[in-house]
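Next come the chains, spelled out residue by residue.
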Amino acid sequence: MKRAFLVARRELYVTIRRKAYLLTIFGMPILFGGIFVIMGYFTARSVMKIRPKVIAVVDSSGVVDTTILRNLEEEARENSVLGEEAIEALEQRLTDLNPNTKTLVSEIFSGFRGAVSLLTMTNADSAREATRRGDLDGALIVSGDYLNTGRVWGYSQSRSFIEDDESPAERLLRQTLVLSLLKDQNLDPGIQIRILRPMHLRAFEVSEVGEEFEETGVASEIRKFALPYGFSLLLLMSIMMGGGFLLQGVAEEKENRVIEILLSSLTPDDLMTGKVLGLGAAGLIQIIVWLGMAFALLTFASRSLMPGFEVPVDLFLICLGYFLVGYLMIASLMAGVGCLGNTMKESQQLSTWFTIPVVAPFIMIMVILAEPNGVIARVFSYFPLTSPVTMMLRLPSQQVPWWEVPLTFVILIVSVYLALRLGGKLFRLGSLMYGKRPTVPEIWRWLRQA
Amino acid sequence: MIEVSVENVSKSFGKIDAVDGVSLETHGGEVFALLGPNGAGKTTLIRMIMDIMKPDSGDITFDGKPISYELKHRIGYLPEERGLYKKQKLGEVVTYFGRLHGLEKEEARRRAHEWLARVDLEDWEKKKVEELSKGMQQKAQIALTLLHDPDLVILDEPFAGLDPVNTRMVKDFIVEMRDRRKTVLLSTHQMAQVEALADWVFMISHGRRVLYGRLTDIKRDYSDNAVMVNEEVNAKGLEGITRVDRDAAPGRLQKVWLKEDMEPGEFIRALLDRKEPVEHYELAETPLEDIFVKLAQEPVVEEVAS
C-alpha cells in the first residue's frame, strides 16, 4: 500500500502540472463564461441595431383612435423587454389605480419584442405605392366598412411580415382597434383588461413524487435546461478526463516499457491502485473547482438576477458522489483495457467499449429531459455505465422518486467492485503482453483462465 | 550477495514452450552470463526471476527463499526494453525509482544526484528526459538500476547503444560490483564482453539450456586440438597434422589442426627441429562466438557441456 501511495503521489503530481489538465480545469469555465458573454453581447447588439419597421396605418373607417395608437407604440417600445413578473405587477397596479387607457395598454405589449413605428396616413393609394417603392415597410388599411366586415388590408414586400399573428405591427393595430371600440363603452377597466387578455395561464406540474411545482420565467429555464446540461457535462468531462489520463498513462508506460521496471519493484495491483487513486485525486480537484465556480455563479445570479431561484445544494453534493463512483468504475476499466493494446491508439480503440455508453445519455439528452421518468431515462439510470450522467440529467427536474438515488448508488458501488476486479485481472494479464492486440474472444478466454 | 537458484522452471505461451525445464545457479562475486539467440527465452527467464511473470512449474529461490518485497529492494533490474517517463525531469524520474526501491525521500534524492554525476549526466538532472539522447537515457537507466546498491543485478543488454567510452564505464561498474561480492547476471549478445567479464556462462536456445558452466571449462571443452603460428612457418609435411588454414586465423597467423594423439608440445618441438622461423605460438581457443553460433544453429536441443 505504501508503494501504491508513492505511485498515486507521482500520478497526481505529474497530472496537475500537465498543460491539458490546467487548460481544461481553468479553460472550461472561461470558455463557457466567454460563450455566454459573447452571446449576450451579440444578442443585445442585434436587438439594438434593428431599425424600427415603419408601417403606415390608413383608417378609412374613422374607428381608429390615433392617440391610442401613439400611446401603444410608445409603450410597446418601452416595455419590450419586460418579463412575466412585470406583467403581474402591472396588472395589479391597473386594478388599484383605475387606470387610463395609456397604462391599460402597457400590459398588452409587455413581453413584446421588436420595434415598430406606426405612421398615420390618409391616402390608401399613396401608402401602397410607398410600400411598393420600399419607402415604407408596410401599410395596413382599415376598410371603410370595417364596423360591418372587420376587413383590414395589409401590404408589405414580405408577406409574412404582416400575416404573422405575432408581427408587432399586426398586434399593435389589433389592440388599437379593440381599445378604440371599447373607448366609448364606459366599461369597467377590469373588464377591459379581460377583453384584451381573456386568460392568463399559470401551469402546474403534478409529479409522481406528489410535489406541486411551479416556476416561470428564467428560473424555470435554468432548472429545466441549464442545470441538467451543466451538471451532466461537468460530471461527464471529469469522469472522462480522469479515465482518459489513466488510459493514456498506462498505454504510455506500456509503450515505453517503463512498466517492466515498475513491475520489478511493485505488484500490478499496487501500480493500478496507485494510478486510479492518483488520477482520481486530480479528477476530484477538477470537479470541485468546477462545481465551486458553478455554485458561486448560481448563488450570485439568484441574488441579483433571478430572485426566487433557489440554488440546489443537494444536487451539488450528489453530483460529487456520482463522480466518485462513476470515476472509480470507469478508471478501473480504463486501466484494464489501457494495457491490452500495444500503443496508445490501440488502447483507445478498445476503450470505446466503455466510453460510448458513458456519453450515451448526453446523446439522448432531449429524450431524457422531455420525460425524466420515461422508460429510456430509467433504463439508463439503472445501467451502471450510463447511470451517473443520466441521473444528473434527471434530478434537476425534481420529479425523480427519492429512492432512485440510493438505488443507483448501490448499483454503482457493486459495479465499482466488479470493475476493479475485472480491470485488475486485465491489468495483470495485459501489462506484459506484447505483440498482436488481443481480440475480444481471446480476452474472454484469458479472463476465464485467470 | 544473493544467490539465485532456478530449478526446473518451465513457462509456455499457448503452444509455444518459451522456457522448458531450465535450471541454473549463480555464484556470488562472479559474473553470470546469460546467452541465447533472439527469441530463445532469455527475457522470459529473466522476467520469471524478477517475479514479473509466474512460471508454470519449477522453483525460483533467492538464498533458498521465495521472492518478497524485501528481496526485490535488493535487486537491480535493467530490462532489455528501455523507456523512461519522457515528460518528466531526469532527476525526478531517477529519484522516483529509488523511492520505489524502498529508499527514503532524501536518500533517494541524494543518490540520484550522486549517480547521475557518476554517469556524467549531472548537467541534465533538471532537463526533461525527452531532451536526452538515446545513449544518455541508457546511462540514466543504468544509474537508476544501481542507485539502491542492490546485491543482485540483472542487466539485460547493458551495452546496447553505448559508445566505447561508456561501454568501458559500464564494464567498470560490473567489475566493481563483482569485486564487492555482488551477484551479476548479464545478458548480452556481445561475445567479446562476455569473454572479458563472465565467470559463468549459461546459454538457452529454443527454451532449453544448451550450455552451462565456467567459461574457462567451456572454452577448453570446445577447443579443437590446434595451434596458431606465424604465417612464415611451413608446417606442411610434418607428422601428426591434419590441416592448415591461413584464413581461419587472425592477422598474420595460420591455424594448424593436430591429430588427436599429437600433443601441442611435440608439435612445436618438431617445428624447432626443422628450424622453422617460429615467432608466434599459441594454443588455438575457439571463440565464444563460434560456440554460440554452433549451438544456436543446432536443431537438436540437448545439453552438451556442464
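Below, the structure is looked at part by part. Once a new chain begins, its residue numbering starts again from 1 and follows that chain's sequence as written. Numbering of ligands from 1 and lettering of chains from A proceed in the order in which they are written. Per-residue local features of the predicted model are confined to residues with pLDDT of at least 70, and side-chain atom pairs are confined, for both listing and counting, to 80 or more; whole-chain, interface and lining totals are unaffected and use all residues. By convention in this description, side-chain values take in all heavy atoms of the structure and omit both hydrogens and water.

Structural notes on the nonpolar core
Cut-off, in case you're wondering: Definition of nonpolar core: a set of buried residues of the types Ala, Val, Leu, Ile, Met, Phe, Trp, Tyr and Cys, connected through side-chain atoms within 4.5 Å. To sort residues, take the accessible area from a 1.4 Å probe on protein chains only and compare it with the maximum for the residue type: under 20% means buried, over 50% means exposed, and anything in between is partly exposed. What counts as a helix is a DSSP run of H or I of at least four residues, what counts as a strand is a run of E of at least two, and both are numbered from the N terminus. Two residues form a contact once any of their heavy atoms are found within 4.5 Å.
Within the largest apolar cluster, 141 residues are counted, with the highest numbers of intra-cluster contacts made by Leu45(B) and Phe97(B). Of all the elements, helix H14 (residues 313-338) of chain A adds the most residues to this core, at 14 residues. Those residues in contact with Leu45(B), other than ones at most four positions away along the chain, are Val6(B), Val19(B), Val22(B), Leu24(B), Leu34(B) and Phe202(B). One finds Val63(A), Tyr146(A), Leu172(A) and Leu177(A) within the second-largest nonpolar core, a separate group that totals 17 residues.

With respect to the packing of H14(A) against helix H15 (residues 344-363) of chain A
All names here are of chain A. The following threshold applies: Under this scheme, a helix contributes an axis fitted over its contacting stretch, all axes are lines through C-alpha atoms, and angles between N-to-C directions fall in the 0 to 180 degree range. Throughout this description, any angle smaller than 35 degrees is read as roughly parallel, any larger than 145 degrees as roughly antiparallel, any in the 65 to 115 degree range as roughly perpendicular, and the remainder as oblique. Helix crossings get a hand from a simple test, with the near helix turned counterclockwise from the far one by less than a right angle marking a left-handed crossing and a clockwise turn marking a right-handed one. Residue classes follow a fixed rule: Ala, Val, Leu, Ile, Met, Phe, Trp, Tyr, Cys and Pro count as nonpolar, while Asp, Glu, Lys and Arg count as charged, and any other residue, Gly among them, counts as polar.
It is the contact of H14 with H15, at a shortest axis distance of 8 Å, that shows an interaxial angle of 160 degrees. With respect to each other, H14 and H15 are oriented roughly antiparallel. Here the hand of the crossing between H14 and H15 comes out right-handed. Facing Ile330, Leu333, Met334, Val337 and Gly338 of H14, the residues of H15 in contact are Ser347, Leu350, Ser351, Phe354, Thr355 and Val358. Considering only residue class, the contact of H14 with H15 consists of 7 nonpolar, 4 polar and no charged.

Overview of the packing of aromatic side chains
All names here are of chain A. Condition: Centres within 6.5 Å make a pair out of two Phe, Tyr or Trp rings, where for Trp the six-membered ring is used; the pair is then stacked when the planes are under 30 degrees apart, edge-to-face when over 60, and tilted otherwise.
Counted by the stated rule, this structure contains 14 aromatic pairs over all chains. With 6.5 Å between their ring centres and 45 degrees between their planes, tyrosine 21 and phenylalanine 245 make a pair best called tilted. Taken as a pair, tyrosine 21 in helix H2 (residues 19-49) and phenylalanine 245 in helix H11 (residues 217-255) lie far apart in primary sequence, 224 residues in all. Note on tyrosine 21: relative accessible area 3%, which makes it buried.

Looking at the sheet that holds strand S11 (residues 241-245) of chain B
Residues and elements named next belong to chain B. As a reminder of what qualifies: Pairs of strands are assigned from DSSP output, requiring at least two bridges between the strands.
Strand order in the open sheet formed by 4 strands is S11-S12-S10-S13, with antiparallel pairing between adjacent strands. On the outer flanks of this sheet lie S11 and strand S13 (281-283), each paired with one strand and no other. Direction aside, neighbouring strands of the sheet carry axes that sit 25 degrees apart on average. Note that S11 and strand S12 (residues 253-258) share 4 bridges and pair antiparallel. Counterpart to valine 244 in the pairing with S12 is valine 256.

Side note on the pattern of salt bridges
Inclusion rule: Any Lys or Arg side-chain nitrogen located within 4 Å of an Asp or Glu carboxyl oxygen qualifies as a salt bridge.
All chains considered together, the criterion is met by 34 salt bridges over all chains. Between Arg17(A) and Glu92(B) there is a salt bridge, with the nearest N and O atoms lying 3.4 Å from each other. Separated into two different chains, Arg17(A) in the loop between helix H1 (2-15) and H2 and Glu92(B) in helix H3 (residues 90-100) make up a pair that spans both. Between Arg133(A) and Glu129(A) there is a salt bridge; the shortest N-O distance is 3.7 Å. Placement of both Arg133(A) and Glu129(A) in helix H6 (residues 124-133) is noted, with a separation of 4 residues, approximately one turn of the helix. Three or more residues joined by partner-sharing salt bridges are found here, namely Arg74(B), Arg118(B), Asp149(B), Asp151(B), Glu176(B), Arg180(B) and Lys182(B).

Observations regarding a negative patch on the surface
The test is simple: Like-charged residues are merged into a patch within 9 Å and nonpolar side chains (Val, Leu, Ile, Met, Phe, Trp, Tyr) within 5 Å, provided each residue has over 30% relative accessible area and no salt bridge. The method behind every accessible area is Shrake-Rupley, applied with a 1.4 Å probe, and residues are considered shielded solely by the protein chains displayed. Positive residues here are Lys and Arg, negative ones are Asp and Glu, while His and the chain termini are left out of the count. Charge positions come from single atoms, namely NZ of Lys, CZ of Arg, CG of Asp or CD of Glu.
There is a patch of like negative charges on the surface, built from Glu260(B), Asp261(B), Glu263(B) and Glu266(B). For Glu260(B), the location among the structural elements is in the loop between S12 and helix H9 (264-273).

Examining the interface of chain B and chain A
For clarity, the threshold we go by: Two parts lose some accessible area (1.4 Å probe) when they are put together, and adding that loss for both gives the buried area.
Counting residues at the interface gives 25 residues for chain B, matched by 25 residues for chain A. Across the chain B/chain A interface, buried area totals approximately 2,500 Å², and carbon plus sulfur atoms make up 55% of it. Interface area lost by chain B to chain A is led by Tyr69(B), Tyr85(B) and Leu100(B), which between them contribute 24%. Along the contact surface separating chain B from chain A lie 3 salt bridges. The partner of Arg47(B) in a salt bridge is Glu260(A), with the nearest N and O atoms 2.8 Å apart. Residue assignment for the side of chain B that touches chain A shows that the elements contributing at least two residues are helix H2 (69-72), H3 and helix H5 (134-146) of chain B. It is H3(B) that contributes the most residues to the side of chain B that touches chain A, 5 residues altogether. Tallied by class, the residues present in the side of chain B that touches chain A amount to 11 nonpolar, 5 polar and 9 charged.

Structural notes on a positive patch on the surface
Side chains of Lys19(A), Lys89(B), Lys126(B) and Lys128(B) sit close together on the surface and give a patch of like positive charge. By the element assignment, Lys89(B) lies in the loop between strand S5 (75-78) and H3. Exposure remark for Lys89(B): the relative accessible area of 34% places this residue in the partly exposed category.

A closer look at the environment of Gly292(A)
Residues and elements named next belong to chain A. Checked against the element boundaries, glycine 292 lands in helix H13 (residues 268-304). For glycine 292, a relative accessible area of 37% puts it in the partly exposed group. Spatially, the C-alpha atoms of glycine 292 and phenylalanine 316 are 8.9 Å apart, while their sequence positions differ by 24 residues.

Considering H15(A)
Note the threshold: Bend, at a single residue, is the angle you get between axes fitted to the 7 residues ending at that residue and the 7 residues starting at it.
Of all the bends in H15(A), the largest measures some 45 degrees and sits at Thr352(A). For H15(A), every residue scored as buried is listed here: Ser347(A), Leu350(A), Ser351(A), Phe354(A), Thr355(A), Pro357(A), Val358(A), Ala360(A), Pro361(A) and Phe362(A).

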